[in-house]
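Single-letter residue listing:
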Amino acid sequence: MNQATARAGANIALVKYWGKRDPQLNLPAAGSISITLAGLETRTTVTPDPTLGSDRFFLDGVEQSPGRVGAMLDLLREMAGETTPCRVDSCNNFPTGAGLASSASGFAALVTAGARAFELEISEDRRSGLARLGSGSAARSIFGGFVEMDAGELEDGSDAVAHPLLAADAWPLEVVVAVTESSSKAVGSRDGMNHTMQTSPYYPAWVETVAADLETARAAIVARDFEALAEVSEHSALKMHASMLAARPGLVYWNPATLACLHAVRALRSGGVGVFFTVDAGPQVKAVCLPGEGERVVDVLRGQPGVHDVMVTGLGAGAGAVA
Ligand code: 2P0
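Quick look at the structure, then. (Residues numbered from 1 in each chain as written. Predicted model: local features only at pLDDT ≥ 70, side-chain atom pairs only at ≥ 80, totals over all residues. Heavy atoms only, no water.)

To continue, consider the overall build of the protein chain. Within the protein chain, the secondary structure is distributed over nine helices and 14 strands. By the compact-globule yardstick of 20 Å for 323 residues, the protein chain fits well, its C-alpha radius of gyration being 19 Å. Overall, the protein chain is about 60 × 40 × 40 Å in size when its C-alpha atoms are taken along their principal axes. Each of the 323 residues in the protein chain was classed as buried or not, and the buried ones make up 55%. Expressed as a percentage of contacts within the protein chain between residues at least 6 apart in sequence, the contacts between residues at least 24 apart total 76%. (Helix = DSSP H or I, 4+ residues; strand = E, 2+ residues; numbered from the N terminus. Rg over C-alpha atoms; globule rule 2.2 N^0.38 Å. Buried < 20%, exposed > 50% of the residue type's maximum accessible area, 1.4 Å probe, protein only. Contact = heavy atoms within 4.5 Å.)

Here it is as structure tokens:
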């Protein structure tokens, strides 16, 4: 056992994951496709310490209940035949819990650091499956660039893992994040997803149509066809939000600034700029741009009423150890 540190980038889904086929094993009802980001990352250090009575977890320096982090450590300890408690120190370089996918980079970094701390020789596939148990979207952050998550068919969930589609430098898109609210969201993804599954009449239609979107997005990525990727990505995001809006009571994650940004992005695209939007379970807007277009999009989104902050980043590598 050793102290080990790992980093992982946040990821943004272009074809969204929303709904589970098995809540216990955290298996998605459908696949998803994402891009892993370079500039929004989590760094996590796992320190096995026999003097601790139980696991301790610090997020950005503030102690939290170990919860799902402790459950992940239990799995890693069981695989390693160990029982030693750990201290986990995790830091995000972006706001936590505000729809910027901190659980994705968080669990990808935790699994990667934890596997190293317990000297487990495990494949990226296996790490992706473990990360999924912590958070569905985390399975994708194990890999860099363009990534596809498979829903899988097996009951034990062993085929519900992600795999890379295209390396980051093969199509170096830029991502502009417009922060329209910096506090944590009212309804977390997991609760929002369950509520949508249970009460939205649009949920079955959502699940039935994801496979076609995956096929379109996959083909667009392989062909570097930005227009096709823009069309299917905006469709997937709006369709996911439509399923949430139709829940009872409806989930409204957007604020006026969210909507202002969506219209601004569409106006830019109509004017010939290579950009499209996506929105997750929160009010932030992510604008995905052709290489070189990011700065122009930053200027426009910064000028939208209600936008607090704008960040630009590129696509990045998968989760990895930090020496
Ligand atoms: C996604 N989201 O594909 C979608 C779009 C949010 C909206 O994956 O319950 O925190 O831990 O598996 O991974 C956020 O959901 O959910 C998410 P759990 P997770 O990025």
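What follows concerns the pattern of salt bridges. It is possible for side chains bearing opposite charge to pair when their charged atoms get close. What the rule picks out here adds up to 13 salt bridges. Of the charged contacts, one joins Glu-234 and Arg-269 as a salt bridge, the two residues approaching to 2.7 Å between their closest N and O atoms. Here the residue Glu-234 occupies a position in helix 7 (residues 226–245), and Arg-269 occupies one in helix 8 (residues 256–270), the gap between them amounting to 35 residues. Each member of the pair, Glu-234 as well as Arg-269, carries the same accessibility label: buried. (Salt bridge = Lys/Arg side-chain N within 4 Å of Asp/Glu carboxyl O.)

Taken together, 18 residues lie near the ligand, and Tyr-17, Lys-20, Gly-136, Ser-137 and Arg-190 sit nearest. Within the side chain of Tyr-17, a nitrogen or oxygen atom sits 2.6 Å from an oxygen atom of the ligand. At 3.2 Å from an oxygen atom of the ligand is found a side-chain nitrogen or oxygen belonging to Asn-26. Against a free-state accessible area of 470 Å², the protein chains account for coverage of 93% of the ligand. For the shell around the ligand, the element with the most residues is helix 5 (residues 189–199), which contributes three residues. By residue class, the composition of the shell around the ligand is six nonpolar, six polar and six charged. (Near = heavy atom within 4 Å. Polar contact = N/O pair within 3.5 Å; in protein donor to acceptor, adjacent residues only side chain to side chain. Areas by Shrake-Rupley, 256 points an atom, 1.4 Å probe, with all protein chains shown as cover. Nonpolar A, V, L, I, M, F, W, Y, C, P; charged D, E, K, R; others polar.)

What follows concerns the packing of helix 6 (residues 203–222) against helix 7. Two elements in contact, helix 6 and helix 7, have axes whose closest approach is 9 Å; the angle formed by their N-to-C orientations is 160 degrees. Of the possible angle classes, the one that applies to helix 6 and helix 7 is roughly antiparallel. By crossing handedness, the relation of helix 6 to helix 7 is classed as left-handed. Across from Trp-206, Thr-209, Asp-213, Thr-216, Ala-217, Ala-220 and Ile-221 in helix 6, the residues of helix 7 making contact are Ala-228, Leu-229, Val-232, His-235, Ser-236, Lys-239, Met-240 and Ser-243. (Axes fitted to C-alpha atoms, helices over the stretch in contact; angles between N-to-C directions. Parallel < 35°, antiparallel > 145°, perpendicular 65-115°, else oblique. Left-handed = near helix turned anticlockwise from the far one by under 90°.)

With that out of the way, let us pick up the side chain of Ser-32. The residue Ser-32 is located in strand 4 (residues 32–48) in this model. Not counting residues up to four positions away in its chain, the partners in contact with Ser-32 are Val-15, Lys-16, Tyr-17, Arg-140, Val-147, Glu-148, Met-149 and Leu-214.

Attention now moves to the packing of aromatic side chains. Within this structure, the stated rule accounts for three aromatic pairs. Ring geometry for Trp-171 against Phe-226: centres 6.4 Å apart, planes inclined by 90 degrees, an arrangement best described as edge-to-face. One end of the pair, Trp-171, is in the loop between strand 9 (162–166) and strand 10 (174–179); the other, Phe-226, is in helix 7, and 55 residues separate them in sequence. For the ring pair Phe-226 and Phe-276, a centre distance of 5.3 Å and an interplane angle of 45 degrees mean the geometry is tilted. Here Phe-226, found in helix 7, pairs with Phe-276, found in strand 11 (residues 275–278); they are 50 residues apart in sequence, far enough to count as distant. Both residues of the pair, Phe-226 and Phe-276, belong to the buried class. Counting every residue linked through ring pairs, the aromatic cluster contains Phe-146, Trp-171, Phe-226 and Phe-276. (Phe/Tyr/Trp six-rings, centres within 6.5 Å; stacked < 30°, edge-to-face > 60°.)

Coordinates in, geometry out; function isn't part of it.
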